[in-house]
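These are the residues of each chain, in order.
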Amino acid sequence: MTQEVKEIFGGASGGPSGQGGPGTPPAPAALAAKVRTLTPSMTRSMQRVAEAVAGDPAGCAALTVTGLAELTGTSEATVVRTARILGYPGYRDLRLALAGLAAQQQSGRAPAITTDIAVDDPIADVVAKLAYDEQQTLADTAAGLDTVQLAAAVAAAATARRIDVYGVGASGLVAQDLVQKLLRIGLIAHAHSDPHLAVTNAVQLKAGDVAIAITHSGATGDVIEPLRVAFERGATTVAITGRPDSSVTQYADHVLTTSTARESELRPAAMSSRTSQLLVVDCLFVGVAQRTYESAAPALASSYEALAHRHRGRT
């Protein structure tokens, strides 16, 4: 894991944790979300620690750092590093969160639904499983979203001369969704799914502009390249990604992390990632609308009025 990832997710340096302000460890409910979101990008030894605390928070809360290291076949240093990656200054803070999480789980909460969808599932089961998985994805994203990074991205976008958004595939649909919202409050925004147009437009950006890259994997070259160009031209850059240690983040001034929900054969990553991305762009848009309310409200009203006749029934 890189130092940047540690800082983003509340490492020992006391950086923003994404919940409760800088230096504040995540709440017990956020711990489970952090584990689900960050485990895929951890080393295998750290994954064993994270999986253990997520699987048995009550049992792990009763263990010393040495005991957890022995249980997971790792070292005390690995346990402490894992705790810091998850946003806790030390193992003691992680144990307190585990105890809190265990208490929540024992308070009578309904058991989790198994969300694997089988080819012969009744449609009612499909609806229930997808609804549960969507709810979990949204909860995980909200718990892990760094509000300090979000506020900085909002401030930059609210005063930007121009906003370019890059995304391909399902992420391209999310990019279009963000841009149409920004246009309706009077901002100049463009969504680029064609990689050539994205780069040629990024070349024109400069300080005072904002470039936003949306990529679940963080490794999509057609999205990374225009963000790199925008970064080098001096624009403020934002990455919305499920992998906070991925390639796209090296060219991002601000990183907004989405949930990395578990995919299945009948529910590919594109579906779950889109859900979390839409939540993040909605948060970004509403923040911008709040900061530009005096101009955004009339612009939004005008856009509604311009389209009103298309929604009225014909007589």
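Heads up: the structure comes first, above all this text.
The model shown is predicted, which means the values in this text are computed figures rather than measured ones. (Residues numbered from 1 in each chain as written. Predicted model: local features only at pLDDT ≥ 70, side-chain atom pairs only at ≥ 80, totals over all residues. Heavy atoms only, no water.)

Chemist: Residues and numbers for the overall build of the protein, please.
Modeler: Along the protein, the regular secondary structure elements total 14 helices and five strands. Here the protein, with 315 residues, has 46% of them falling under the buried criterion. Taken as a whole, the protein presents about 14700 Å² of accessible surface, with 55% of it coming from carbon and sulfur. (Helix = DSSP H or I, 4+ residues; strand = E, 2+ residues; numbered from the N terminus. Buried < 20%, exposed > 50% of the residue type's maximum accessible area, 1.4 Å probe, protein only. Areas by Shrake-Rupley, 256 points an atom, 1.4 Å probe, with all protein chains shown as cover.)

Chemist: Could you give an account of the pattern of salt bridges, naming the residues involved and the relevant values?
Modeler: In this structure the tally under the stated criterion is six salt bridges. In this structure, the salt-bridge partner of lysine 181 is aspartate 282, at a minimum N-O distance of 3.2 Å. Taken together, the residues lysine 181 in helix α10 (residues 170-184) and aspartate 282 in helix α13 (residues 269-291) connect sequence positions 101 residues apart. Residue classification places aspartate 282 among the partly exposed residues on the basis of a relative accessible area of 32%. Residue glutamate 232 pairs with arginine 228 through a salt bridge whose shortest N-O separation is 3.1 Å. Here arginine 228 and glutamate 232 lie together in helix α12 (residues 221-232), a separation of four residues that amounts to about one turn. Take glutamate 232: its relative accessible area is 49%, and that puts it in the partly exposed class. Judged by relative accessible area, arginine 228 falls into the partly exposed class, the value being 25%. Three or more residues are tied together by salt bridges with common partners; here these are Asp177, Lys181 and Asp282. (Salt bridge = Lys/Arg side-chain N within 4 Å of Asp/Glu carboxyl O.)

Chemist: Residue-level account of helix α8 (residues 123-144), with values.
Modeler: Side chains of residues three or four places apart in an α-helix project in the same direction, reflecting 3.6 residues per turn. Taking 1.5 Å per residue as the helical rise, α8 with its 22 residues ought to reach 32 Å, and the 31 Å between its terminal C-alpha atoms agrees with that figure. Along α8, the positions that sit buried rather than exposed are Val126, Lys129, Asp133, Thr137, Asp140, Thr141, Ala143 and Gly144. Along α8, the residues classed as buried sweep out an arc of 165° about the axis, all on the same side. Summarising the geometry of α8, the exposed residues directed more than 90 degrees from the buried face are Ala124, Val127 and Gln135. (Expected span 1.5 Å × (residues − 1). Arc of directions from axis to C-beta.)

Chemist: Help me get a handle on the sheet that holds strand β2 (residues 189-192), residues and values and all.
Modeler: The five strands are arranged β2-β1-β3-β4-β5 in an open sheet whose pairing can be described as parallel. Of all the strands in the sheet, just β2 and β5 (254-257) have a single pairing partner and so form its edges. Along the sheet, successive strands turn relative to each other by an average axial angle of 15°, direction set aside. Of the strands in this sheet, β1 (163-166) and β2 are in contact with helix α11 (residues 195-202), which crosses β1 at around 150°. (Pairing = 2+ DSSP bridges. Axes fitted to C-alpha atoms, helices over the stretch in contact; angles between N-to-C directions. Contact = heavy atoms within 4.5 Å.)

Chemist: Explain the environment of alanine 156 to me, using residue names and the numbers behind them.
Modeler: Looking at where alanine 156 falls in the secondary structure, it is placed in helix α9 (residues 147-158). Residue alanine 156 is classed as buried on the basis of its relative accessible area of 16%. In the structure, alanine 156 is positioned 52 residues away from glycine 208 in sequence and 7.8 Å away in space, judged by C-alpha atoms. If we skip the residues at most four places from it in the chain, alanine 156 touches Val210 and Thr236.

Chemist: Give a detailed account of the side chain of arginine 162, specifying residues and quantitative values.
Modeler: If you trace the backbone, arginine 162 turns up in the loop between α9 and β1. Look at arginine 162 and you get buried, because its relative accessible area is 12%. A distance of 3.2 Å separates a polar side-chain atom of arginine 162 from the backbone oxygen of asparagine 201. If sequence neighbours within four positions are ignored, arginine 162 has contacts with Ile188, His190, Asn201, Gln204, Leu205, Asp209 and Val210. (Polar contact = N/O pair within 3.5 Å; in protein donor to acceptor, adjacent residues only side chain to side chain.)

Chemist: Can you lay out the packing of helix α5 (residues 65-72) against helix α6 (residues 76-85) for me, pointing to particular residues and giving the numbers?
Modeler: For the pair α5 and α6, the least separation of the axes is 8 Å and the interaxial angle reads 100°. Judged by the angle between their axes, α5 and α6 are roughly perpendicular. Of the residues in α6, those touching α5 at Val65, Thr66, Leu68 and Ala69 are Glu76, Val79 and Val80. Its residues placed into classes, the contact of α5 with α6 shows five nonpolar, one polar and one charged. (Parallel < 35°, antiparallel > 145°, perpendicular 65-115°, else oblique. Nonpolar A, V, L, I, M, F, W, Y, C, P; charged D, E, K, R; others polar.)

Purely spatial values, then, with no claim about function.
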